[in-house]
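The lines below spell out each chain.
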Protein chains: 2
Amino acid sequence: MSTAKTYKWQDLSASSQAQVLSRPVYSVDDALKTTVTAILDEVKQNGDSALIAYAKQFDNAELNRLSLNKAALARLSAELPQKVKAAIDCAYRQISRFHQAQAVADIRLETAPGVNCQMKTRAIGKIGLYIPGGTAPLPSTVLMLGIPSQIAGNAVRVLCTPPNSEGKIHPAIAYAALTCGIEEVILAGGAQAIGAMAYGTKTVAKVDKIFGPGNAFVTMAKQLVSNANPATAIDMPAGPSEVMVIADANANAEFIAADLLSQAEHGADSQVLLLCNSSDKIAQVNDALARQLAQLPRQAIAAKALENSALIQTTSVAQSIKIANDYAPEHLIIQTDSADEVVDKIVNAASIFVGPWSPESAGDYASGTNHVLPTYGYGRALSSLGLADFTKRYTIQTLSRAGLEGIGQAIIDLAQAEGLDAHANAVAVRLQETQP
Amino acid sequence: MSTAKTYKWQDLSASSQAQVLSRPVYSVDDALKTTVTAILDEVKQNGDSALIAYAKQFDNAELNRLSLNKAALARLSAELPQKVKAAIDCAYRQISRFHQAQAVADIRLETAPGVNCQMKTRAIGKIGLYIPGGTAPLPSTVLMLGIPSQIAGNAVRVLCTPPNSEGKIHPAIAYAALTCGIEEVILAGGAQAIGAMAYGTKTVAKVDKIFGPGNAFVTMAKQLVSNANPATAIDMPAGPSEVMVIADANANAEFIAADLLSQAEHGADSQVLLLCNSSDKIAQVNDALARQLAQLPRQAIAAKALENSALIQTTSVAQSIKIANDYAPEHLIIQTDSADEVVDKIVNAASIFVGPWSPESAGDYASGTNHVLPTYGYGRALSSLGLADFTKRYTIQTLSRAGLEGIGQAIIDLAQAEGLDAHANAVAVRLQETQP
């Protein structure tokens, strides 16, 4: 049974350390780019008829309509087992609460006498949500995108997901969409769905920002539309999922192994890393990995991911913290004594799971946090998805005459220092005005 | 004297309306991309020595050091006229106050019994600020980037700006940097500066996110590093600056003309648009434009921008509001009766200037709002620059055993519905655990 490689951190050279923590390097796949560009162009030019043709070609679906309405979604939902409905309802409650708590107040401030500045936060008008299809449905992703957009109040929410060969979608997707107040689903997948939302078609509204995960076609299409002129905004760059665990001698090896495997089953390119200052514990984790892996349906995928993973022996929890901050993991699990103190020292991680009873799968589904997270080290600069991503901030200034008189000379002097006389003049003509 | 074209909105066909409001379309300039890619590669490979060579080539500067330290910046600052120092100090006060007011509290919420979720907002570790050089210095941009980064508390702040032929920078840049607590300036400009901050050199720290405006080389370099794998985050996509004014019969034509010209002098590709429901007022504005333009030092640039601008007669302020929301201007000036009511109906604009005493130049320099704004219609989805852009949000969850017991079945049921058994198992092994 294949298990994970182990390393002693202080025995590694700097370049070996970098190698152990290296993420897969992607280069632009020119063939994929060409293919996706052609699909986007086809959708731009032929709209709905292109979507229908691609549904036939890629999804083996003969569509006589491109969308499912509320009644159709309700009929599909009725097929969903009660326990899955209850699970979606449970997750919905926590995710709603946590995202409602993220609402921010508008700001209004008199920055100088008679100079009133405001910052308003408002929903983006039109957003698009992409939900992958394929072998397994992802109702959890519907919740993670649908709930914050419901709270933000985006006026238009387009949800695209590929149809199955019967022109339908999985009941769990239908139920999750309705739960989030989304009453229409567009039957389009892949790059063609991204194109439809970026450009608009007769059936699909052109949106301002596109959210959601997808395969290589979807990822390439999102990158292309976000770099076009004009561009469509996207949620964040994609990358393979990853988990890092910081553990000490008192951690539970079975729990750690289960968490590492829950990440490993995502895909062969998943990154799975343990930092532990106890060699005994690392040995126990390796044993538990072998035992648990043998029981998994997605054993082949997880075993492949484990080949690229590493169980790293550190000299101390402090060293583990330093490595984690340098790596900036998407998911960071902390199973140490005084875990709260460790959390306070973490500066780079997108979602953190504290203590033995906080598996990553809690955050993937139902704790309330979002599972759309910056991966690939992007958590150093980018944020975990939240309510803010479905809104935009803009500013307003209202000056009284006295307000402009107060700061007008500074504006004139700065504008002239920058050689922008018309900027200075826009103040001067006002200050010269004799009418009140 | 060239003045602006006028249109009656309701007389235009839909396609003519779109044409009048069309922004310049950019396509990727392959030659520029090749040039910039070569510069980035050279900096990646040769670091400081590449920067020194490019300073010689592009800036005609023989550098014996790549940075100015605090003492050097203080010596340069001493050359700055007192009135410009006072203007920078005045602007600093308002901008600081408004950006301090943008601080957000961390969130801590028990989403279900024993399920504690947090969202923390923390400074990005390392940021890079680019300040263009050229004929006129831009101390205002130093303030607009330097102040929020000072408030956020980014641990590393790299400021790059091109040297003049004496290997120095303008005293206003030095003074503004010191005012924002930036005590070192890197003497590098153009694509090579962006490369230095993205990859790091011996002198220049590798940063997590790059901010700031620049010429076509800088813009291309920012786009390339933000699309690389791994990518460096950037502030926002660049586009030509633009202003839209909504006015009515009671607006002051001289003020409007001055505002339109203050935008027009930015560059020949600036977009300058007036929406007004009074034909008399439009005629007055056109007269005032001709008169004021004749007095401007940057007359040639402004006249060129006016060729692409439009004074549009609408049937009502309500119609002007609709056009503005569709266009999503970077700057929107509202000079109408009951201007506050008009503001409340605006959903797409990056920075709004309300009433006769609020010229755009107030926001460009000293009202307190940021002048780094989404242009090109991106304000529909993107935010005006603010404190948030110098921070990132991440989440933390801490479940008690009872907390996991409460939501564990929902996690298991959702994971199984998605075919992710290892995710379910990470909960199951914990719920089966007999130890407390």
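See the structure printed just above.
Every chain begins its residue count from 1, and numbering advances along the sequence as written. All chains are assigned letters beginning at A, and all ligands numbers beginning at 1, according to the order in which they are written. Local features in this predicted model are restricted to residues of pLDDT 70 or higher, and side-chain atom pairs are both shown and tallied only at a pLDDT of 80 or more, whereas totals for entire chains, interfaces and linings draw on every residue. The basis for the side-chain values is all heavy atoms of the structure; hydrogens and waters are excluded.

Peer 1: Pulling in residues and values, what's your account of the overall build of chain A?
Peer 2: Of the regular secondary structure elements, chain A holds 16 helices and 15 strands. When a residue's accessible area, from a 1.4 Å probe over protein chains only, is under 20% of the maximum for its type it is buried; when over 50% it is exposed; and in between it is partly exposed. When burial is assessed residue by residue, chain A has 60% of its 436 residues classed as buried. Each accessible area is a Shrake-Rupley result for a 1.4 Å probe, and residues are judged covered by the shown protein chains and nothing else. Accessible area for chain A stands at about 16000 Å²; split by element, carbon and sulfur atoms hold 50% of it. Charge counting treats Lys and Arg as positive and Asp and Glu as negative, with His and both chain ends excluded. A charge is said to be at NZ when it belongs to Lys, at CZ for Arg, at CG for Asp and at CD for Glu. Distance between charge centroids for chain A: 6 Å, based on 34 positive and 40 negative side chains. Here a helix means four or more residues in a row that DSSP labels H or I, a strand means two or more in a row labelled E, and each is numbered from the N terminus.

Peer 1: Outline the packing of helix α9 (residues 253–264) of chain A against helix α10 (residues 279–293) of chain A, supporting the account with residue identities and numerical values.
Peer 2: All names here are of chain A. Put simply, α9 and α10 touch, their axes get as near as 8 Å, and they point 55° apart. As summarised for this structure, α9 and α10 are arranged oblique, according to the angle between their axes. Once α9 is placed against α10, the crossing between them reads as right-handed. For the pair α9 and α10, contact is made by A253, E254, I256, A257, A258, L260 and L261 and by K281, Q284, V285, A288, L289, R291, Q292 and L293, respectively. Its residues placed into classes, the contact of α9 with α10 shows 10 nonpolar, 2 polar and 3 charged. Between the N-to-C directions of two axes lies an angle of 0 to 180 degrees, each axis being a line fitted to C-alpha atoms and, for a helix, fitted only over the stretch in contact. In what follows, roughly perpendicular refers to angles from 65 to 115 degrees, roughly parallel to angles under 35, roughly antiparallel to angles over 145, and oblique to any angle outside these ranges. Crossings are assigned a handedness: left-handed for a near helix turned anticlockwise from the far helix by less than a right angle, right-handed for a clockwise turn. In this analysis, two residues are considered to be in contact whenever any of their non-hydrogen atoms come within 4.5 Å of each other. Throughout this entry, Asp, Glu, Lys and Arg are counted as charged residues, while Ala, Val, Leu, Ile, Met, Phe, Trp, Tyr, Cys and Pro are counted as nonpolar. The remaining residues, Gly among them, count as polar.

Peer 1: Can you explain the layout of surface pockets? Please cite residues and give values.
Peer 2: Using only the protein atoms, space was sampled on a 1 Å grid; points where a 1.4 Å probe fits but cannot get out form cavities, open sets with protein on both sides within 12 Å along at least five of seven lines form pockets, and lining residues are those with an atom within 4 Å of a point. Grid points are joined across faces, edges and corners, and a volume is the space filled by probe spheres set on the points. A volume near 1100 Å³ is recorded for the second largest pocket. Taken together, 41 residues make up the lining of the second largest pocket; nearest its centre are R23, D326 and R380 of chain A together with K206 and P230 of chain B. Of all the secondary-structure elements, those providing two or more residues to the lining of the second largest pocket are α1 (14–20) and α12 (317–327) of chain A together with α7 (190–199) of chain B. With 6 residues, α12 of chain A is the largest single contributor of residues to the lining of the second largest pocket. When its residues are assigned to classes, the lining of the second largest pocket shows 22 nonpolar, 10 polar and 9 charged.

Peer 1: Tell me what's going on with the sheet that holds strand β5 (residues 126–130) of chain B, and back it up with residues and numbers.
Peer 2: Residue and element names in this part refer to chain B. The strand order β2-β7-β6-β5-β8-β9 describes an open sheet built from 6 strands, whose pairing is mixed. The open sheet has two edge strands, β2 (67–68) and β9 (233–234), and neither has a second partner. The pairing of β2 with strand β7 (residues 185–187) spans 2 bridges and is classified as antiparallel. Bridging across to β7, L68 finds its partner in V185. We call two strands paired when DSSP finds no fewer than two bridges between them.

Peer 1: So what about the relation of the copies chain B and chain A? Which residues, and what values?
Peer 2: Under the fitted operation, chain B is carried onto chain A by 0.0 Å of movement along the axis and a turn of 180°, and the coordinates agree to an RMSD of 0.0 Å. In symmetry terms, the pair is related by a two-fold rotation axis. Residues of chain B ranked by C-alpha distance from the rotation axis are headed by V104 of chain B, positioned 4.0 Å from it. When you check the interface residues of chain B against chain A, 99% turn up at the interface there too, and the contact is symmetric in its surfaces. To line up the copies, we fit them by least squares on C-alpha atoms, keeping just the residues with pLDDT of at least 70 in both.

Peer 1: Could you give an account of the environment of Q319 of chain A, with specific residues and numbers?
Peer 2: Residues and elements named next belong to chain A. Secondary-structure assignment places Q319 in helix α12. The spacing of Q319 and Q10 is 309 residues in sequence and 9.9 Å in space, taken between C-alpha atoms. Ignoring anything within four residues of it in the chain, the contact list for Q319 reads W9 and T314. Throughout this description, a polar contact denotes any pair of N or O atoms lying within 3.5 Å of each other; where both atoms belong to protein, one of them has to be capable of donating a hydrogen while the other can accept it, and for residues adjacent in sequence the pair is counted only when both atoms sit in side chains. Within polar-contact distance, the side chain of Q319 engages the backbone nitrogen of T315 at 2.7 Å.

Peer 1: Tell me what's going on with helix α9 (residues 253–264) of chain B, and back it up with residues and numbers.
Peer 2: Residues and elements named next belong to chain B. In a helix, the anticipated span is given by 1.5 Å times the number of residues less one. The end-to-end C-alpha separation of α9 is 16 Å, in line with the 16 Å expected for 12 residues at 1.5 Å each. Among the 12 residues of α9, 11 are classified as buried, and the element is accordingly described as predominantly covered. Listed as buried for α9 are A253, F255, I256, A257, A258, D259, L260, L261, S262, Q263 and A264. Here α9 starts with a cap whose side-chain oxygen sits 2.9 Å from the backbone nitrogen of E254, and that cap is N252.

Peer 1: I'd like a rundown of the interface of chain B and chain A, residues and numbers included.
Peer 2: Listed by partner, the interface residues are 122 residues for chain B and 121 residues for chain A. Take the accessible area each of two parts loses on contact, using a 1.4 Å probe, and add the two losses: that sum is the buried area. Both sides of the chain B and chain A interface together cover about 10100 Å² of buried area, and 61% of this is carbon and sulfur. A carboxyl oxygen of Asp or Glu within 4 Å of a side-chain nitrogen of Lys or Arg is what we treat as a salt bridge. Summed over the shared surface of chain B and chain A, the number is 8 salt bridges. Linking D259 of chain A and R430 of chain B is a salt bridge whose minimum nitrogen-to-oxygen distance equals 2.7 Å.

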